[in-house]
Amino acid sequence: MEYSKFLKTWISDVSPYIPGKMSENFIKLASNENDYGPSKKVINAIKDKSGEVFRYPYKDESVKEKISKYCNSSTGKNLIGKENIILGNGSDELIELLIKTFRSPYIGFYPSFVEYKRVAKIFNEIYYEIPLNDYFCLDCGKFINNKKFEKAKVVFLCSPNNPTGGIIERKDIEKILNFDKIVVVDEAYYEFSNLTCVDLIDNYENLIVLRTMAKAFGIAGLRMGYGIANKEIIKFLHNVKPPFNVNYLAQEAALASLDDNDFMKQNVEKIIKGREILSKILSKKFKIFNSLTNFIFVDVSPYTAKEFFEALYKKKIIVRPFGKLDGFKGEYVRVTVGTEDENKILIEVIENTF
Ligand SMILES: Cc1ncc(COP(=O)(O)O)c(C=O)c1O
């Protein structure tokens, strides 16, 4: 069939999102998941509530209440209420809601999380990318002096940044917030950095913080993300939010997860320890970039990313090959930090292979 007369003209140029490869019985370190898994409280809640899934989900308000307490506990201030929060089917969905809600042009840096640009493309909107420096850090002066920045209405700042692992300095985030633009700070990896700008919500009506329960809380498969912002912004986002976007069991899992923050914190500590050990080993052989996340970005040259990936794949370990990046010299691979046992196996393979 000739579809072109039906298709929106730009859709054939959109690239689908390619998830990290998954093979049964492999160690998968390709998608920045948390291999320690969810709290037992989550598993029990899902089991207990599975018979109730004939109902539409209705616990948004309770989830928002608990999230607001969680956010306030991280800042030590009582700034965030339910009305400052929106729930998403993963923070991926919130990125889509933002692009549905706010006008383009959008701007972010490169490399960064691919969904900002991809979703903009789906809606045929303009997304500008400004390269990070050679060490994958943001030169804020250059960023804000770029002509494209002047035109942009929404700025996407991923901090810590996926795939590079580094952060944007708080003073730079504040500099950007002082422009007349909507500023989205994606804190998907917040718990691994312990750095947040949620406390700035009170000072900046143009700030939106995105978070996810996919990483530190270990419930990626349930799709649970949230946005925090001024209540006016949250209202606009609710205008476009699909009904029942967060499913019944994801709501129960979020509630149970947030009742077991100690479990999450213990796992985050283990992952940070693992990250430091892995970083040391990798840095003996390759150039690595300082990470405040649950992954490490590595320049594996003189090997190609494909060679590195395939060598590990043969040993039943899956990492995420990025290959070359426009404007940068290396061959890049992103390695998620696994459990202590997984990391041991990875280290042994790396030491014996490269
Ligand atoms: C920076 C960043 N933002 C958002 C997401 C999406 O998170 P979620 O699984 O909640 O959709 C990811 C997932 O990898 C991410 O790295």
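Criteria and cut-off values
- Residues numbered from 1 in each chain as written.
- Predicted model: local features only at pLDDT ≥ 70, side-chain atom pairs only at ≥ 80, totals over all residues.
- Heavy atoms only, no water.
- Buried < 20%, exposed > 50% of the residue type's maximum accessible area, 1.4 Å probe, protein only.
- Helix = DSSP H or I, 4+ residues; strand = E, 2+ residues; numbered from the N terminus.
- Pairing = 2+ DSSP bridges.
- Right-handed = clockwise from strand over helix to strand, strands pointing away.
- Domains from an automatic or database assignment.
- Contact = heavy atoms within 4.5 Å.
- Buried area = accessible area lost by both parts, 1.4 Å probe.
- Salt bridge = Lys/Arg side-chain N within 4 Å of Asp/Glu carboxyl O.
- Polar contact = N/O pair within 3.5 Å; in protein donor to acceptor, adjacent residues only side chain to side chain.
- Nonpolar A, V, L, I, M, F, W, Y, C, P; charged D, E, K, R; others polar.
- Phe/Tyr/Trp six-rings, centres within 6.5 Å; stacked < 30°, edge-to-face > 60°.
- Lys NZ or Arg CZ within 6 Å of the ring centre and 35° of its normal.

### So, the pairing of strand S3 (residues 106-110)
When you tally the buried positions in S3, you get five out of five residues, the bulk of the element. Pairing geometry for S3 and strand S4 (residues 127-131), over five bridges, is parallel. Looking at the pairing, Phe109 lines up with Ile130 of S4. Taken together, S3, helix H4 (residues 114-122) and S4 constitute a β-α-β crossover, and its handedness is right-handed.

### Quick look at the domain arrangement of the chain
If you check the domain split of the chain, you get domain 1 (11-37 + 262-353) and domain 2 (55-260). Centre-to-centre, using C-alpha coordinates, domain 1 lies 24 Å away from domain 2. Facing the 32 residues of domain 1 at the interface are 32 residues of domain 2. It is Met264, Leu292 and Phe328 that lose the most area in domain 1 upon contact with domain 2, and together they represent 24% of the buried surface on that side. At the surface where domain 1 touches domain 2, the tally comes to zero salt bridges. Viewed at the interface, domain 2 and domain 1 are joined by twelve residue pairs in polar contact (both at pLDDT 80 or more). Secondary structure elements with two or more residues in the side of domain 1 that touches domain 2: helix H11 (261-285), strand S10 (295-299) and strand S13 (332-336). Looking at the side of domain 1 that touches domain 2 residue by residue, the classes come out as 17 nonpolar, nine polar and six charged.

### With respect to the packing of aromatic side chains
Per the counting criterion, the structure on display carries 26 aromatic pairs. Here the aromatic rings of Phe289 and Tyr332 are separated by 6.2 Å at their centres, their planes lie at 50°, and the arrangement is tilted. With Phe289 in strand S9 (residues 287-289) and Tyr332 in strand S13, this pair connects stretches of sequence that are 43 residues apart. Assessed through its relative accessible area of 3%, Tyr332 is described here as buried. Taking 4.8 Å as the distance between ring centres and 20° as the angle between the ring planes, the aromatic pair formed by Phe308 and Phe354 counts as stacked. Here Phe308, found in helix H12 (residues 305-314), pairs with Phe354, found in the segment after helix H13 (340-353); they are 46 residues apart in sequence, far enough to count as distant. For the residue pair Phe308 and Phe354, the accessibility class agrees, reading buried in each case. Members of the aromatic cluster, connected to one another through ring pairs, are Tyr110, Phe136, Phe289, Phe297, Phe322, Phe328 and Tyr332. The ring centre of Tyr190 lies 3.9 Å from the NZ or CZ of Arg211, which sits over that ring. Directly above the aromatic system of Phe295 lies the positively charged group of Arg334, at a separation of 5.7 Å from the ring centroid.

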